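Now for the letters of each chain:
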Amino acid sequence: MSAQQVEHVEVLVIGAGISGIAAAHQLLTQRPGTSFTILEGGSASGGTWDLFRYPGIRSDSDLHTYGYEFKPWTDSKAIAGADRILAYLRETATEYGIDRHIRYRHRVLDAAWSSEESRWTVTVERTDTGEEIVLTAGWLFAATGYYDYAQGYTPHFEGRDHYRGTIVHPQQWPEDLDYTGKSVVVIGSGATAVTLVPTMAEGGARHVTMLQRTPTYIMRVPAEDRLANLLPKILGAKLGYAATRRKNIVRQRLTYTFFRHYPKAARKLIRAMNARALPKGFDVDTHFNPPYDPWDQRLCVVPDGDLFRTISEGRASVVTDRIRTFTENGVLLESGEELTADVVVTATGLNVRFFGGIAVSVDGKPLNPSDHVAYKGTMLSGVPNLTFVIGYNSASWTLRVGLIVEHFRRLLGHMHEHGHNVCVPVAPEMETRPLLDLASGYVQRSGNQLPRQGSEFPWRMPKDHIDDARLVLGAPVVNEQLHFSSVRPRDRVSA
């Protein structure tokens with residue numbers, strides 16, 4: 001295929017989820033005329049919210065901060081399910097004409113940077129036809145997250161083959177799974193488990209048991225934010241949403257700061273809240289008092305205390321123990337107790353897959369993420385013209401997405417103004433550590449799947465949105481650690 005036959009765009013966005021839509025909005029509204037395309041491997045937009053189909057899937061961040069700054073969240077529910085989030089994302093894509101730039105069933109196989117050509121060459125599989133096509137791009141915007149959407153994590157369970165019931169991982173939830181009137185064991189204690197347990201209990205299961213090896217910090221939050229629903233009536237939709245968003249950003253920051261600086265007090269507070277929500281005499285310390293400090297792992301939220309309510313009503317229970325082996329009828333625990341179950345749900349976590357499994361190379365050398373340091377948490381040392389997106393763990397994911405796309409837009413503007421077409425971060429000699437400072441299983445299992453971070457800005461992964469905004473948006477977009485150049489590529493055609 002000759003260069004004249006290859007379609008070229010200035011920006012190639014990979015992924016039509018919440019981050020990809022945000023990037024497209026920034027390009028359309030702030031850099032009109034920039035040629036770009038969004039490649040989406042699935043048949044619909046929405047990313048996580050379209051791909052995960054287990055019962056009750058919802059955001060554990062309030063939608064006034066998880067939603068976009070430019071698009072008010074108007075639903076009465078602050079903690080919302082996938083159906084409402086998908087409707088919001090797709091409405092945004094239609095409203096701003098973003099959906100016209102999305103090519104569905106286009107799965108990216110590999111992306112290769114050529115310094116000689118100063119561009120990315122991207123191989124794409126059309127999953128509907130099996131055809132392979134090639135595109136080139138001046139900049140690659142990887143809105144792929146860092147989860148493996150094809151397969152979740154399931155540890156080895158002794159005796160699993162002897163079990164006669166149904167085993168399902170939430171990431172591969174069967175549409176025809178009927179658990180009405182059945183006994184269910186959900187293995188896990190993270191966000192997925194605490195969502196599934198009350199949803200399945202209220203959805204007709206005879207009884208649902210959450211089987212956990214170690215407790216997780218779980219906090220009750222209201223599903224509706226009364227002030228958020230009131231402010232638009234007083235201030236108008238735009239100002240009311242902005243005020244709510246600011247309020248919740250400050251609240252998230254204060255909560256996280258308090259929990260990290262005063263872990264003993266935070267532990268007591270969470271325990272007291274849980275004890276009030278659970279039946280009298282419930283063993284809170286065994287089942288809801290983790291051995292680690294708050295925010296060593298991500299906290300889980302339960303809207304309106306639905307998990308605690310189903311436990312109080314006797315429709316769900318919690319068992320804290322280890323699995324010795326599966327049996328024909330359920331699982332046998334180390335304590336000797338056997339939990340019988342018609343359905344076992346392995347809510348045991350996610351796998352990390354940086355760049356969505358795309359084979360990335362620079363001048364013929366395969367990219368190993370752990371060999372690189374993250375610049376402002378969004379570019380990689382030594383890798384030209386590439387942006388990736390990782391949101392916050394201690395606040396709403398999308399708050400960070402908004403900063404990343406703004407930084408990206410400013411960077412493109414600077415390059416256009418000065419005639420540059422190549423930008424690469426160059427890291428100094430420094431100590432590095434893992435990109436994500438969490439003890440969560442999926443982080444600890446990530447190995448060389450994620451890049452590293454340094455100890456100081458701009459090589460440190462931001463955690464606090466307010467400080468991050470000040471450093472990313474308040475500081476000049478260029479500094480001595482970003483190297484720019486102007487390389488004339490071979491002639492090529494534009495989209």
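The structure under discussion appears in the preceding block.
As the structure is a computational prediction, the values presented were derived from the model and not from experiment. (Residues numbered from 1 in each chain as written. Predicted model: local features only at pLDDT ≥ 70, side-chain atom pairs only at ≥ 80, totals over all residues. Heavy atoms only, no water.)

(A) Summary view of empty space enclosed by the protein. All told, the structure shown has three cavities of 30 Å³ or more when counted by the stated rule. A volume near 80 Å³ is recorded for the largest cavity. If you trace the largest cavity, you find it lined by Ile249, Gln252, Arg253, Tyr256, Ser394, Ala395, Leu399, Lys463, Asp464, His465 and Ile466. Among the elements that line the lining of the largest cavity, the one with the most residues is helix α7 (residues 237-261), at four residues. Residue composition of the lining of the largest cavity, grouped by class: five nonpolar, three polar and three charged. What the second largest cavity holds in volume is close to 40 Å³. Around the second largest cavity sit Ile14, Leu140, Ala142, Phe355, Ile358, Val360 and Leu386, which together line it. Partitioning the lining of the second largest cavity into residue classes produces seven nonpolar, no polar and no charged. (1 Å grid on protein atoms, 1.4 Å probe; cavity = no way out; pocket = protein on both sides within 12 Å on 5 of 7 lines; lining within 4 Å. Points joined across faces, edges and corners; volume = space filled by probe spheres on them. Helix = DSSP H or I, 4+ residues; strand = E, 2+ residues; numbered from the N terminus. Nonpolar A, V, L, I, M, F, W, Y, C, P; charged D, E, K, R; others polar.)

(B) Inspection of a nonpolar patch on the surface at higher detail. Together, Leu227, Leu230, Ile234, Leu235 and Leu239 give the surface a local cluster of nonpolar side chains, amounting to about 460 Å² of exposed area. Examining the composition of the nonpolar patch, we find that four residues originate from one element, helix α6 (residues 226-235), more than from any other. (Patch = residues over 30% accessible without salt bridge, like charges linked within 9 Å, V, L, I, M, F, W, Y side chains within 5 Å. Areas by Shrake-Rupley, 256 points an atom, 1.4 Å probe, with all protein chains shown as cover. Salt bridge = Lys/Arg side-chain N within 4 Å of Asp/Glu carboxyl O.)

(C) Structural detail: the packing of aromatic side chains. Under the criterion given, the structure shown has 19 aromatic pairs. Among the aromatic residues, those joined into a ring-pair cluster are Tyr68, Phe70, Trp73, Tyr88 and Tyr96. (Phe/Tyr/Trp six-rings, centres within 6.5 Å; stacked < 30°, edge-to-face > 60°.)

(D) Inspection of the environment of Ala201 at higher detail. Its place among the elements puts Ala201 in helix α5 (residues 191-202). Linking Ala201 and His8, residues 193 residues apart in sequence, is a C-alpha distance of 52 Å. If we ignore the near neighbours within four places in the chain, the residues touching Ala201 are Val208, Thr310 and Arg315. (Contact = heavy atoms within 4.5 Å.)

(E) Seen up close, the sheet that holds strand β7 (residues 166-168). On the basis of which strands lie adjacent, the open sheet formed by five strands has the order β7-β16-β8-β9-β12 and parallel pairing. The sheet terminates laterally at β7 and β12 (316-320), the two strands that pair on one side only. Adjacent strand axes in the sheet meet at a mean angle of 20 degrees, parallel and antiparallel pairs treated alike. By the bridge criterion, five bridges tie strand β9 (residues 207-212) to β12 in an arrangement that is parallel. Each bridged residue has a counterpart across the sheet, and for Met210 the counterpart in β12 is Val318. Here α5 sits on the sheet and contacts β8 (183-187), β9, β12 and β16 (343-346); the angle it forms with β9, its principal contact strand, is near 165 degrees. (Pairing = 2+ DSSP bridges. Axes fitted to C-alpha atoms, helices over the stretch in contact; angles between N-to-C directions.)

Any link to function would need more than the numbers given here.
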